[in-house]
Amino acid sequence: MAIIKLLTGSVYGTAEAVATEVKAALEQSGHTVIKAEGLDAVLRDGADAVLVCTSTTGQGDLPENLLLLYQELKERFPLLGHLAYGIIALGDSSYGDTYCGGGRLMDELLTELTAKRVAEPLMIDASETASPETIAVPWAVEWASQL
Ligand SMILES: Cc1cc2nc3c(=O)[nH]c(=O)nc-3n(C[C@H](O)[C@H](O)[C@H](O)COP(=O)(O)O)c2cc1C
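Our subject in this report is the structure included herewith. (Residues numbered from 1 in each chain as written. Predicted model: local features only at pLDDT ≥ 70, side-chain atom pairs only at ≥ 80, totals over all residues.)

**Some remarks on the site of the ligand**
The ligand sits among 23 residues. The nearest are Ser10, Tyr12, Thr14, Ser55 and Gly91. When contributions to the shell around the ligand are tallied by element, the ones reaching two or more residues are helix 1 (14-28) and strand 4 (84-91). Per element, the largest residue contribution to the shell around the ligand is 3 residues, and it comes from helix 1. Split into classes, the residues belonging to the shell around the ligand amount to 9 nonpolar, 12 polar and 2 charged. (Near = placed C-beta within 6 Å. Helix = DSSP H or I, 4+ residues; strand = E, 2+ residues; numbered from the N terminus. Nonpolar A, V, L, I, M, F, W, Y, C, P; charged D, E, K, R; others polar.)

The structure is reproduced here in C-alpha cells:
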C-alpha cells in the first residue's frame, strides 16, 4: 500500500470536492493519503507518490492555491526521482487550446523534476460531465494500484 501526497488546486470548489472523494476511495483501498500544501509538506516524511487534482482558470492557468506550490517547485527545483505521480485535470473543452492547461503545467513540471508518471493524465471535461468524481474515483483507484 502506498503513501500518497495529494495536491489540490481549485477556484470554485469542484476539484476540491473531487479530491475529497478520491482521498476517501484511496484510503478505503488501504492507501495512506496526506493532503499537502507547500513544498516542505510534499517532501516531508517520505511518500511513494504525488497525486495532483486541479482545475484550470484564466487562460490555461493554475488556481492560485496550487500556483504557489508550482512556483516554489520551479524555484527550488528539487529532483523527485523517488516519487511516482498522477494528474487529475478538470477543465472545459470549450476553452479550446487551454483545455486542462493547469493539469498540463503540473504534468510538465513533475516530469522535468524527474518524477515518474504513472498513467496518462486524466482530463475531465465540464462540457461532458456534471459529476467528475464518477470518472476520477475509479481512475485514481486504478492509478494507485500501479504504484
Ligand atoms: C474564469 C474561468 C476560466 C477558466 N479557464 C479554463 C481554461 O483555460 N481551460 C479549461 O480547460 N477550463 C477552464 N475553466 C473551466 C474550469 O477549469 C472548470 O469549470 C472546473 O471544473 C472548475 O473547477 P473548480 O471549481 O475546482 O475551480 C475556466 C473556468 C472559469 C470560471
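Having seen it, we continue.
**A look at the pairing of strand 4**
The element strand 4 is extensively covered by neighbouring structure, given that 8 of its 8 residues are classed as buried. Alternating residues of strand 4 divide into Ala84, Gly86, Ile88 and Leu90 and Tyr85, Ile87, Ala89 and Gly91, and every residue in both groups is buried. Looking at chain direction, strand 3 (residues 49-54) and strand 4 are connected through 6 bridges and run parallel. Among the inter-strand pairings, Thr54 is bridged to a residue of strand 4, identified as Ala89. After leaving strand 3, the chain enters helix 3 (residues 64-76) and then returns to the sheet as strand 4, a path that is right-handed. Pairing analysis gives 2 bridges linking strand 4 to strand 5 (residues 116-117), with the strands arranged parallel. In the strand pairing of strand 5, Ala84 is matched with Lys116. Once you follow strand 4 into helix 4 (residues 101-112) and on to strand 5, the crossover reads as right-handed. In this sheet, strand 6 (residues 122-125) lies alongside strand 4 in parallel orientation, the contact comprising 4 bridges. Bridging across to strand 6, Leu90 finds its partner in Ile124. (Buried ≥ 20, exposed ≤ 12 C-beta atoms within 10 Å, placed from the backbone. Pairing = 2+ DSSP bridges. Right-handed = clockwise from strand over helix to strand, strands pointing away.)

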